Amino acid sequence: MDNIAGSKSSLTWAVHISVAALVFLWLFPTIGLFVSSFRTADQISSSGWWASLFPAEQTIQLRTGGGDAAVQEGDLWVVEGNLLVDHEDSPGTDVTLTRFGVSSRDVSAYAIGETAEFGDGAETVTLSANGDYRYTSTEEPGRRGQRVFITAEVPPEFTLGNYQTILFSGTGQDNMAKAFFNTLTVTVPATIIPIVVAAFAAYALAWMDFPGRALLIALVVALLVVPLQLALIPLLRLHLGIGIGKGYLGVWLAHTAFGLPLAIYLLRNYMVGLPRDIIENAKVDGATDFQIFTKIILPLSFPALASFAIFQFLWTWNDLLVAKVFLIDATGSTTVMTNQIVELLGTRGGNWEILATAAFVSIAVPLVVFFAMQRYLVRGLLAGSVK
Amino acid sequence: MHPALQGLLTIVIGVGGCIGYFYFSNEFLDKVLFPAKGPNAGRNINRANQIRPWLFLFPAMFALGLYLAYPVFETLRLSLTDRSQGGAFVGMANYNQMFAEDKFWEAIRNNMLWLIVVPAASTAFGLLAAQLTDRIGWGSVAKSLIFMPMAISFVGASVIFKLIYDTRPVDQDQIGVLNAVWLQFEGGIGSILFLKVLPFVMVAGFAAIVAYVGYLLLTPFIDKGARKEGIFLSVVRLIGAAVAVWLVVISLMSLASIFAADLPYGEPQTWLTIPLWNNFFLMVVLIWIQTGFAMVILSAALRGIPEETVEAAIVDGANPFQIFFKIKVPQIMPTIVVVWTTITLVVLKVFDIVFAMTNGQWETQVLANYMFDKLFRANDWGIGSASAIIIMVLVSPILVWNVYNARKEMR
């Protein structure tokens, strides 16, 4: 609409750049977590995650071979070997050597290929680009060998070790496998049951005539905004009183009830919009309300059902408060992922490799659902708020 | 029994039970109670049809009543009793005790701050993103990426942002982005430009926008020819205008302090422990999540604007900014209000972010976390309930407004 009558908006480039900037800003935090989850603890705590995407210049302290590797050539003792592989701290052959040095005061004094002299000139070392070195000394070398500092470009390096720890090999709090299944156990029934209950109620509110219908709809709208916080104490008392206690049943019931207002509201709005003719024709043909509901309304309402299912899934998967109040008891055996991450934040606040990986494991499933079902999510949002 | 198996069983029992209930109760109604045959067939059908809606509604209404409606009254009752005295009625004692606590007023103050900043910022960013992405080819990809945080849990987002706010000692490499950026400033011309002039312009702009909104709210009272409206709306307008005036005064006062402030250049900051400012660092998390929501809804509203109005404005020589602010924004005002109130509701209930990131330390307490603290750490159900009632009171204007609108729509 900015191109009316051939006038091209001069702002187009500004728009592209602003959108790119916005998208970058919004993605940046998540990417940080994602990248961090593939780095080792040392890498994370020694440099920012953004640095890990590019080759990093690193200075590594190594030692030449000791006296027992020395070979006598004339009046010289010579040690030959490869700095990149010999030593246990060696970086491996995929790094690129740039400089080296022999004194901690100037760790990059020499270019590759030059011959460096140690303090008194009696010892020298020559380093070539592939890491091979030749150390010579006029006296018999000591047992430990000489220190050599190399400056190397280390390519980006990532590991799946954190995921291995979090999902399989970790112990206690570091293992999220149990919490993952607990979360799943909470989420699936808490998503499916409210849909069934709400669908029947929504049908009654949309297509059946009875006194008090308007009042009930108003009640549902009112309950949409009642804060969860009000329900915590009375319901916990109720659950403890009738013997449900803290456990899966309680959290399923709570999630079901808390999801109902939105479910009824969304589904009713959608069902009201279905064509009246279909329903009346079915009635004329002798269908009962139950048949109309299961054979006509439910299949036609699939988009609305899907929208709500995504909402409820995201909400129950991501929930912390309801699980903390109604599910997790003193033993902690029913902990969910969100709760475990909060506990990790408290006890392992500095262990970013564990935290980042745990957090990413917990947000991976919702992200997949989100990108796969985004269409329905958007539709549900619009039905819920745009009049 | 394994919980996964138990879950599966619950799904089967729950769903099967629901369907079975609906099916058999309908059968019972039609076949046994009021069979549609025999001498009273006609009357029976009518009676069955009068009862049937209640069969359909019963499970939902029972759950809503027990889990949402009853707790409102029960919480109100609990807030007037004392658990340690065996549930004796103590009148307003819990409220008095709560009002005497500094932490409570800190929570109220912070909640007000959240209520102003988060909905405003999310809506503004959402509107900006919606307007910009609607005009370019890869807009839907951009939208989907900005919308993505919506799927991330508050706890997950807290971890993400804790990494951003991380602090290392001054002699180490910073691994938090914010500190890494902060250390780039050392008091030179760039620092003045970004940390003094830019905030100044932003705060001044904010004041100008708020003043304009306040002016818009007051126009019906100034303009004698304006159409009559209800007393309720007038009150809302007056309250809105008063808040706007207050905000303008505050931002104008803070303008001077922006230049006066002596910033600690070159020192890594522990962002979450700086009083007052740490609230904003927490708010960023929620804004980051909610912007996508605002964008999706506002973008649909923007597309719903009749093309003719925009074309007419172009023909009349309006520039893009005029088109946006004078043609488009007024037309989507109802949607903006909906987005604003929805985010307001989220803000009032915000718990996870504060709980996970600071747990209310360093003056970042908010009502929902305060309540959780009272409930499960102090074990004081009286004050816990009282603070829940405060949240309910804050929500109730929106509740009334929603019900009012829903009823208006149905008529």
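Since we're looking at a predicted model, the values are computed, not measured.

Moving on: the overall build of chain A. Within chain A, the regular secondary structure consists of 13 helices and 9 strands. In terms of C-alpha radius of gyration, chain A reaches 33 Å, well past the compact-globule figure of 21 Å for 387 residues. Projected onto its principal axes, the C-alpha coordinates of chain A cover approximately 110 × 75 × 35 Å. Restricting the contact set of chain A to residue pairs at least 6 apart, pairs at least 24 apart contribute 69%.

The next thing to look at is the domain arrangement of chain B. All names here are of chain B. Looking at chain B, the domain boundaries give domain 1 (3–71), domain 2 (102–183 + 268–410) and domain 3 (186–265). Placing the centre of domain 2 and that of domain 3 at their C-alpha centroids yields a distance of 18 Å. In this complex, domain 2 contributes 4 residues to the contact, which on the side of domain 3 involves 8 residues. Summed over both sides, the interface between domain 2 and domain 3 buries roughly 640 Å², with carbon and sulfur atoms accounting for 83% of that surface. Of all residues in domain 2, Ile 116, Trp 182 and Trp 401 bury the most surface against domain 3, accounting for 67% of the area lost on that side. Put simply, domain 2 and domain 3 have 0 salt bridges between them. Applying the counting criterion to the domain 2 and domain 3 interface returns 0 residue pairs in polar contact (both at pLDDT 80 or more). Residues of the side of domain 2 that touches domain 3, tallied by class, amount to 3 nonpolar, 1 polar and no charged.

For any two helices packed against each other, one specifies the inter-axial angle together with the distance between the axes. Packing of helix 1 (residues 12–36) of chain A against helix 10 (residues 277–303) of chain B brings their axes to within 11 Å, and their N-to-C directions diverge by 125 degrees. Relative to helix 10 of chain B, helix 1 of chain A is oriented oblique. Here helix 1 of chain A runs over helix 10 of chain B; the crossing is left-handed. On the side of helix 1 of chain A, the interface is formed by Leu 25, Trp 26, Pro 29 and Thr 30 of chain A, while helix 10 of chain B contributes Ile 287, Trp 288 and Thr 291 of chain B. Looking at the contact of helix 1 of chain A with helix 10 of chain B residue by residue, the class counts come to 5 nonpolar, 2 polar and no charged.

Moving on to the domain arrangement of chain A. Residue and element names in this part refer to chain A. As far as domains go, chain A holds domain 1 (4–52), domain 2 (55–154) and domain 3 (164–385). Between the C-alpha centres of domain 1 and domain 3 the distance comes to 32 Å. Listed by partner, the interface residues are 8 residues for domain 1 and 7 residues for domain 3. Summing both partners gives a buried area of about 630 Å² for domain 1 against domain 3, and 86% of it is carried by carbon and sulfur. For the domain 1 face of the interface with domain 3, the top three residues by lost area are Leu 33, Ser 37 and Ile 44, together amounting to 59%. Viewed at the interface, domain 3 and domain 1 are joined by 0 residue pairs in polar contact (both at pLDDT 80 or more). Sorting the residues of the side of domain 1 that touches domain 3 by element identifies helix 1 and helix 2 (41–46) as the ones contributing at least two each. A total of 3 residues in the side of domain 1 that touches domain 3 trace back to one element, the largest contributor, which is helix 1. Broken down by class, the residue content of the side of domain 1 that touches domain 3 amounts to 4 nonpolar, 3 polar and 1 charged.

In this section: the sheet that holds strand 7 (residues 123–127) of chain A. Residues and elements named next belong to chain A. Here 5 strands make up an open sheet; going across it, the order is 2-3-8-7-6 and the pairing antiparallel. Edge positions in the sheet fall to strand 2 (71–73) and strand 6 (115–117), since each of these pairs with one other strand and no more. When strand polarity is set aside, the average angle formed by the axes of neighbouring strands in this sheet is 25 degrees. Where strand 7 meets strand 8 (residues 132–137), 5 bridges bridge the pair, whose relative direction is antiparallel. Counterpart to Thr 124 in the pairing with strand 8 is Thr 136.

Averaged over every residue, the pLDDT of chain A is 81; the share at 70 or more is 96%. Note that residues 1–7 of chain A has pLDDT below 50 and, in this model, 11 contacts with residues that lie over four places away or in other chains.

Here the focus is the pairing of strand 7 of chain A. Counting buried residues in strand 7 of chain A gives 4 out of 5 residues, a clear majority hidden from the surface. Connecting strand 7 of chain A to the antiparallel partner strand 8 of chain A that follows it, the hairpin turn spans 4 residues, and Gly 131 of chain A within it adopts a positive phi of roughly 100 degrees.

Here we take up the sheet that holds strand 9 (residues 147–154) of chain A. All names here are of chain A. The 4 strands lie next to each other as 1-9-4-5, forming an open sheet whose pairing is antiparallel. With one partner strand each, in any of the chains shown, strand 1 (56–63) and strand 5 (110–111) form the two edges of the open sheet. Bridging between strand 4 (residues 96–101) and strand 5 involves 2 bridges; their strand directions are antiparallel. Bridge pairing in strand 5 links Arg 99 to Ala 111.

So, on to the environment of Asn 175 of chain A. Residues and elements named next belong to chain A. Relative to the helices and strands, Asn 175 resides in the loop between helix 3 (161–169) and helix 4 (177–207). When its relative accessible area of 16% is taken as the criterion, Asn 175 is described as buried. Taking the C-alpha atoms as reference points, Asn 175 and Ala 56, 119 residues apart in sequence, are found 31 Å from one another. Ignoring sequence-local partners within four residues, the contact set of Asn 175 consists of Thr 165, Ile 166, Leu 167, Phe 168, Gly 170 and Gln 340.

On to the UniProt feature "transmembrane region" (unreviewed entry) in chain A. All names here are of chain A. On the UniProt side, "transmembrane region" (unreviewed entry) is annotated at positions that read residues 13–35, 186–208, 214–236, 248–267, 296–314 and 354–373 here. End C-alpha atoms of residues 13–35 are separated by 30 Å, and the span's content is 100% helix alongside 0% strand. With 83% helix and 0% strand, the stretch residues 214–236 has end C-alpha atoms that lie 31 Å from each other.

Attention now moves to helix 10 of chain B. All names here are of chain B. Under the 1.5 Å per step criterion, the end-to-end length of helix 10 is 37 Å for 27 residues, consistent within 8% with the ideal 39 Å. Residue Gln 290 marks the point of greatest curvature in helix 10, where the axis turns by about 30 degrees. Of all 27 residues in helix 10, 22 are buried; the element is thus mostly enclosed.

Summed over the entire model, instances satisfying the criterion amount to 42 aromatic pairs over all chains. Where Phe 99 of chain B meets Phe 104 of chain B, the ring centres are 5.5 Å apart and the plane angle is 55 degrees; that geometry is what we call tilted. An aromatic cluster of three or more residues is present, and its members are Phe 200, Tyr 203 and Phe 293 of chain A together with Tyr 21, Phe 22, Phe 56, Phe 58 and Phe 62 of chain B.

Relative to the helices and strands, Leu 205 of chain A is located in helix 4. Beyond its immediate chain neighbours, meaning those up to four positions away, Leu 205 of chain A contacts Phe 210, Arg 213, Leu 216, Ile 217, Ile 264 and Arg 268 of chain A together with Leu 57 of chain B.

The next subject is the pattern of salt bridges. The tally for this structure, following the rule as stated, stands at 9 salt bridges over all chains. Here Arg 276 of chain A makes a salt bridge to Glu 280 of chain A, at a shortest N to O gap of 3.4 Å. You can see Arg 276 of chain A and its partner Glu 280 of chain A sitting in helix 8 (residues 276–284), 4 residues apart, about one turn around the helix. Using a relative accessible area of 39% as the deciding quantity, one classes Glu 280 of chain A as partly exposed. Ionic pairing is found between Asp 166 of chain B and Arg 168 of chain B, a salt bridge with its closest N-O pair at 3.2 Å. Summarising the burial analysis for this pair, Asp 166 of chain B and Arg 168 of chain B share the class buried. Look at the salt bridges and you will find they share partners, linking Arg 237 of chain A together with Glu 74 and Arg 77 of chain B into a network.

So, on to the environment of Ala 206 of chain A. Residue and element names in this part refer to chain A. Examined against the element boundaries, Ala 206 turns out to sit in helix 4. The exposure class assigned to Ala 206 is buried, which follows from its relative accessible area of 10%. Sequence separation between Ala 206 and Ser 52 is 154 residues; the distance between their C-alpha atoms is 57 Å. Apart from the residues lying within four places of it in its own chain, the contact partners of Ala 206 are Arg 213, Arg 268, Met 271 and Val 272.

Rules and cut-offs
- Residues numbered from 1 in each chain as written.
- Chains lettered and ligands numbered in written order.
- Predicted model: local features only at pLDDT ≥ 70, side-chain atom pairs only at ≥ 80, totals over all residues.
- Heavy atoms only, no water.
- Helix = DSSP H or I, 4+ residues; strand = E, 2+ residues; numbered from the N terminus.
- Rg over C-alpha atoms; globule rule 2.2 N^0.38 Å.
- Contact = heavy atoms within 4.5 Å.
- Domains from an automatic or database assignment.
- Buried area = accessible area lost by both parts, 1.4 Å probe.
- Salt bridge = Lys/Arg side-chain N within 4 Å of Asp/Glu carboxyl O.
- Polar contact = N/O pair within 3.5 Å; in protein donor to acceptor, adjacent residues only side chain to side chain.
- Nonpolar A, V, L, I, M, F, W, Y, C, P; charged D, E, K, R; others polar.
- Axes fitted to C-alpha atoms, helices over the stretch in contact; angles between N-to-C directions.
- Parallel < 35°, antiparallel > 145°, perpendicular 65-115°, else oblique.
- Left-handed = near helix turned anticlockwise from the far one by under 90°.
- Pairing = 2+ DSSP bridges.
- pLDDT = per-residue confidence, 0-100.
- Buried < 20%, exposed > 50% of the residue type's maximum accessible area, 1.4 Å probe, protein only.
- UniProt positions renumbered as here; feature names shortened; annotations may be inferred.
- Expected span 1.5 Å × (residues − 1).
- Bend = angle between axes of the 7 residues up to and from the residue.
- Phe/Tyr/Trp six-rings, centres within 6.5 Å; stacked < 30°, edge-to-face > 60°.

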